[in-house]
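These are the residues of each chain, in order.
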Amino acid sequence: MITIKSEREIELMRASGAIVAAVLDMIGDEIREGVTTLRLDRMAETCIRDHGAVPSFLNYRPKGEPDVEPYPATLCVSINEEVVHGVPSDRRVIRDGDIVSVDCGAYKGGYHGDSARTYVIGDVAPEVGKLVEVTRECLDRGIAQAVAGNRLHDISAAVEEHARSNGFSVIENMVGHGIGSELHEDPPVPNYGRAKTGIKLRKGMALAIEPMIAMGRSRNAVARNGEWVAVTEDGKPSAHFEHTIVIREGGAEIMTCSG
Ligand code: MF3
Ligand code: CO
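Residues numbered from 1 in each chain as written. Chains lettered and ligands numbered in written order. Predicted model: local features only at pLDDT ≥ 70, side-chain atom pairs only at ≥ 80, totals over all residues. Heavy atoms only, no water.

### Description of the coordination of the cobalt ion (ligand 2)
At step 1: Here the cobalt ion (ligand 2) is held by the protein donor atoms Asp114 (OD), His177 (NE2), Glu210 (OE) and Glu242 (OE), which lie 2.1 to 2.3 Å from it.
At step 2: Of note is the cobalt ion (ligand 2), whose 6 donor atoms meet at the metal with angles of 62 to 167° in an arrangement that counts as irregular.
At step 3: Within one chain, the residues donating to the cobalt ion (ligand 2) are spaced in sequence as D-x62-H-x32-E-x31-E. On the criterion of sequence distance, the pair formed by His177 in strand S7 (residues 176–178) and Glu242 in the loop between strand S13 (238–240) and strand S14 (243–248) is long-range, its members being 65 residues apart.
At step 4: The exposure class assigned to Glu242 is buried, which follows from its relative accessible area of 1%. (Donors = N, O, S within 2.8 Å, 3.2 Å for Na, K, Ca; no water. Tetrahedral: all angles 85-135°; square planar, octahedral: opposite > 155°, others 65-115°. Helix = DSSP H or I, 4+ residues; strand = E, 2+ residues; numbered from the N terminus. Buried < 20%, exposed > 50% of the residue type's maximum accessible area, 1.4 Å probe, protein only.)

### Observations regarding the sheet that holds strand S3 (residues 82–84)
At step 1: With respect to topology, 3 strands assemble into an open sheet ordered S3-S12-S11, the strand pairing being antiparallel. Taken across any chain shown, the strands that pair with only one partner, and hence form the sheet edges, are S3 and strand S11 (221–223). Looking at each pair of strands side by side, their axes are set apart by 50° on average, direction ignored.
At step 2: As paired elements, S11 and strand S12 (residues 230–232) share 3 bridges and run antiparallel to each other. Bridge pairing links Ala223 to Ala230 in S12. (Pairing = 2+ DSSP bridges. Axes fitted to C-alpha atoms, helices over the stretch in contact; angles between N-to-C directions.)

### Some remarks on the site of ligand 1
At step 1: Lining the immediate environment of ligand 1, one finds Phe57, Tyr60, Tyr71, Cys76, His85, Asp103, Asp114, His177, His184, Glu210, Trp228 and Glu242.
At step 2: In the environment of ligand 1, a nitrogen atom lies 2.6 Å from a nitrogen or oxygen atom belonging to the side chain of Asp103.
At step 3: A distance of 2.7 Å separates an oxygen atom of ligand 1 from a polar atom in the side chain of His177.
At step 4: Burial of ligand 1 by the protein amounts to 94% of the accessible area it has alone, namely 330 Å².
At step 5: Taken together, the residues of the shell around ligand 1 break down into 5 nonpolar, 3 polar and 4 charged. (Near = heavy atom within 4 Å. Polar contact = N/O pair within 3.5 Å; in protein donor to acceptor, adjacent residues only side chain to side chain. Areas by Shrake-Rupley, 256 points an atom, 1.4 Å probe, with all protein chains shown as cover. Nonpolar A, V, L, I, M, F, W, Y, C, P; charged D, E, K, R; others polar.)

### What about the pairing of strand S15 (residues 251–254)?
Consecutive residues of a regular strand have side chains that alternate between opposite faces of the sheet.
At step 1: Bridge count between S14 and S15: 4 bridges; the pairing is antiparallel. Bridge pairing in S15 places Arg248 opposite Gly251.
At step 2: From the end of S14 to the start of S15, which pair antiparallel, there are 2 residues, and Gly250 there has a positive phi angle of about 80°.

### Here we look at the side chain of Ser169
At step 1: Within the secondary structure layout, Ser169 lies in strand S6 (residues 169–170).
At step 2: The exposure class of Ser169 is buried, given its relative accessible area of 6%.
At step 3: A polar contact is formed between the side chain of Ser169 and the backbone oxygen of Ser218, at a distance of 2.8 Å.

### Digging into the packing of aromatic side chains
At step 1: Counted according to the given criterion, the structure contains 1 aromatic pair.
At step 2: Each ring, one from Tyr71 and one from Trp228, has its centre 4.9 Å from the other, and the planes form 85°; the classification is edge-to-face. Taken as a pair, Tyr71 in the loop between strand S1 (54–55) and strand S2 (75–79) and Trp228 in the loop between S11 and S12 lie far apart in primary sequence, 157 residues in all. Judged on exposure class, the residue Tyr71 and its partner Trp228 are both buried. (Phe/Tyr/Trp six-rings, centres within 6.5 Å; stacked < 30°, edge-to-face > 60°.)

### Here we look at the side chain of Glu172
At step 1: In this structure, Glu172 sits in the loop between S6 and S7.
At step 2: Beyond its immediate sequence surroundings of up to four residues, Glu172 is in contact with Arg164, Tyr192, Arg219 and Asn220. (Contact = heavy atoms within 4.5 Å.)

### Focus on helix H2 (residues 37–50)
The periodicity of an α-helix, 3.6 residues per turn, causes residues three or four places apart in sequence to face the same way.
At step 1: Over its 14 residues, H2 extends 20 Å from the first C-alpha to the last, a length consistent with the 20 Å expected when each residue adds 1.5 Å.
At step 2: When H2 is considered as a whole, its buried residues turn out to be Thr37, Leu38, Leu40, Asp41, Met43, Ala44, Cys47 and Ile48.
At step 3: The secondary structure elements touched by the buried residues of H2 are helix H1 (7–30), S1, S2 and strand S4 (99–108). (Expected span 1.5 Å × (residues − 1).)

### A short note on the environment of Ile99
At step 1: Topologically, Ile99 is positioned in strand S4.
At step 2: Look at Ile99 and you get buried, because its relative accessible area is 1%.
At step 3: Sequence spacing of Ile99 and Asn80 is 19 residues, and the spatial spacing of their C-alpha atoms is 5.4 Å.

### Here we look at the sheet that holds S6
What holds strands together in a sheet is hydrogen bonding between their backbones, with the strands either parallel or antiparallel.
At step 1: Spatial strand order, S6-S10-S13: 3 strands in an open sheet with antiparallel pairing. For this open sheet the edge positions go to S6 and S13, each flanked by a neighbour on one side alone.
At step 2: For strand S10 (residues 212–214) and S13, the ladder comprises 3 bridges, and the chain directions are antiparallel. Bridging across to S13, Ile213 finds its partner in Ala239.
At step 3: Across the sheet, helix H3 (residues 126–144) touches S10 and S13, and the angle it forms with S13 is around 35°.

Now the structure itself:
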């Protein structure tokens with residue numbers, strides 16, 4: 001079921017989104033060679049709790065899957081070939097030349113915000129830098145299609161077209177999602193698809209749009225021996241950006257933007 005958010009709910013989502021943006025700004029200041037991913041996680045959790053919010057991902061369990069162990073951290077920190085859901089660890093040290101996706105969710109006042117950015121650490125190969133830039137642009141192009149009256153897959157098609165025309169591949173088995181009082185609501189938001197298809201977008205719909213784009217030819221992100229983390233099939237790097245947006249009169253409003 002797709003929920004339509006009221007003005008009051010949108011205000012609450014803006015507050016949660018601003019907390020997530022503040023965390024990702026702070027991570028941007030702190031992330032560097034030599035820092036462990038667990039240290040970033042600790043800083044993020046402190047920041048979220050200082051804002052009177054709760055980490056959305058900590059203890060998260062997919063609905064209807066009681067056998068899955070709950071997610072053990074505040075952030076997902078996914079490095080290079082790791083696409084998403086990298087679990088922070090005190091043994092994982094960030095290195096020069098890494099690209100690092102940091103995904104964060106915060107829950108406050110009954111609503112979630114969810115956003116991710118990929119940070120470039122020191123000197124990366126030009127093609128890797130381009131992957132990060134193009135993925136960021138894919139998010140912008142997707143958001144530009146999140147307009148009342150458009151169809152859901154107008155977002156998907158815009159993301160896919162920009163990724164493929166730059167020679168990159170789209171991860172198909174991980175998708176964006178509706179968001180609100182639940183972290184994952186309907187509809188799923190794929191990063192590929194045909195324009196002018198899918199449900200009609202309406203004012204008050206809230207979506208987490210999150211392109212996951214890879215070098216090479218991977219179509220799926222696959223679990224690495226029973227861990228949470230999902231990696232590209234061919235071991236090539238992938239990048240990930242995400243914003244929580246709400247469809248408003250005249251276009252999308254980003255809930256998770258800084259400042
Ligand atoms: N942003 C991701 C998502 O929307 C992270 C949540 S995964 C979790 O699916 F399991 F760690 F919570
Ligand atoms: Co998400």
